[in-house]
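# Structural features, examined
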Amino acid sequence: MTRKKLQIRVLDERIGKSIAFPAYATDGSAGLDLRACLSQPLVLEPGDTQLIGTGLAIHIADPALAALILPRSGLGHKHGIVLGNLVGLIDSDYQGELMVSCWNRGQTRFTVEPGERLAQLVLVPVVQAEFEVVDEFDSSHRGTGGFGSTGRN
Ligand SMILES: O=c1ccn([C@H]2C[C@H](O)[C@@H](COP(=O)(O)OP(=O)(O)OP(=O)(O)O)O2)c(=O)[nH]1
Ligand SMILES: [Mg+2]
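All figures in this text were calculated on a predicted structure; none of them were measured in a lab. (Residues numbered from 1 in each chain as written. Chains lettered and ligands numbered in written order. Predicted model: local features only at pLDDT ≥ 70, side-chain atom pairs only at ≥ 80, totals over all residues. Heavy atoms only, no water.)

This next bit is on empty space enclosed by the protein. With the rule as written, the count across this model stands at 1 cavity of 30 Å³ or more. Approximately 40 Å³ is the volume found for the largest cavity. Surrounding the largest cavity, I15, I19, A20, P22, D33, L34, R35, T54 and L56 form its lining. Looking at which element gives the most residues to the lining of the largest cavity, the answer is strand 2 (residues 32-35), with 3 residues. Among the residues making up the lining of the largest cavity, the classes are represented as 6 nonpolar, 1 polar and 2 charged. (1 Å grid on protein atoms, 1.4 Å probe; cavity = no way out; pocket = protein on both sides within 12 Å on 5 of 7 lines; lining within 4 Å. Points joined across faces, edges and corners; volume = space filled by probe spheres on them. Helix = DSSP H or I, 4+ residues; strand = E, 2+ residues; numbered from the N terminus. Nonpolar A, V, L, I, M, F, W, Y, C, P; charged D, E, K, R; others polar.)

A separate point is a nonpolar patch on the surface. Judged by side-chain polarity, I8, V10 and F21 come together as a nonpolar surface patch covering roughly 240 Å² of accessible area. When you line up the elements, I8 lands in strand 1 (residues 7-10). (Patch = residues over 30% accessible without salt bridge, like charges linked within 9 Å, V, L, I, M, F, W, Y side chains within 5 Å. Areas by Shrake-Rupley, 256 points an atom, 1.4 Å probe, with all protein chains shown as cover. Salt bridge = Lys/Arg side-chain N within 4 Å of Asp/Glu carboxyl O.)

The next subject is the layout of surface pockets. Counted as a void, the largest pocket has a volume near 580 Å³. Lining of the largest pocket is provided by 24 residues; of these, K4, L6, Y24, L32 and L123 occupy positions nearest its centre. It is strand 10 (residues 117-125) that provides the largest number of residues to the lining of the largest pocket, a total of 3 residues. A class-by-class count of the residues in the lining of the largest pocket yields 17 nonpolar, 3 polar and 4 charged.

This part covers the pattern of salt bridges. With the rule as written, the count across this model stands at 5 salt bridges. Ionic contacts of the salt-bridge type, sharing partners, join the residues D33, R72 and R117 into one network.

Our next topic: the UniProt feature "binding site: substrate" (unreviewed entry) in the chain. Under the local residue numbering, the UniProt record ascribes the feature "binding site: substrate" (unreviewed entry) to R72, S73, G74, N85, L89, I90 and D91. These annotated residues cover 20 residues of sequence, and their C-alpha atoms reach 26.3 Å apart at the extreme, placing them across more than a single site. Its location among the elements puts L89 in strand 7 (residues 88-90). Setting aside residues no more than four positions away along its own chain, L89 makes contact with A66, A67 and L68. (UniProt positions renumbered as here; feature names shortened; annotations may be inferred. Contact = heavy atoms within 4.5 Å.)

This is how it looks when you write it as structure tokens:
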């Protein structure tokens, strides 16, 4: 198992006590569940979006890495609770609190409980581009075709 050492700051005293410290649920889990660092339940009416803190900050430091905040499939599919930004991107130089934008895209009210697992954090490799400006590209099979150019079936 390869694990990358990552600096983390606990910004809220409830983390590690009433709200669990993030952990991989299984050996094969790609994501670490992020929990709502709330002092009381938070009601999300249909259509509402709220920015919810996790009580944690990470400093990835390595520009060849980033983290993605992704929805949890159960919350999204069953309850319509997804991310207001659809996907969150955590830059390697970000040192602030990890925030989760919670969007109730469903038709029923949803109450977020303190410590509830809202989303998941996945560490991903990143390659930064260095642009080389050219007049023409070497030709490719696809060329400029896109947006369904290959048909539906
Ligand atoms: O779901 C998210 C998305 C972002 N962030 C933090 C980490 C990220 O590094 C920073 C900036 O995010 P992004 O670049 O996506 O937002 P922006 O609107 O471009 O803001 P900025 O001008 O600060 O880059 O906000 C979160 O905590 N949660
Ligand atoms: Mg940005």
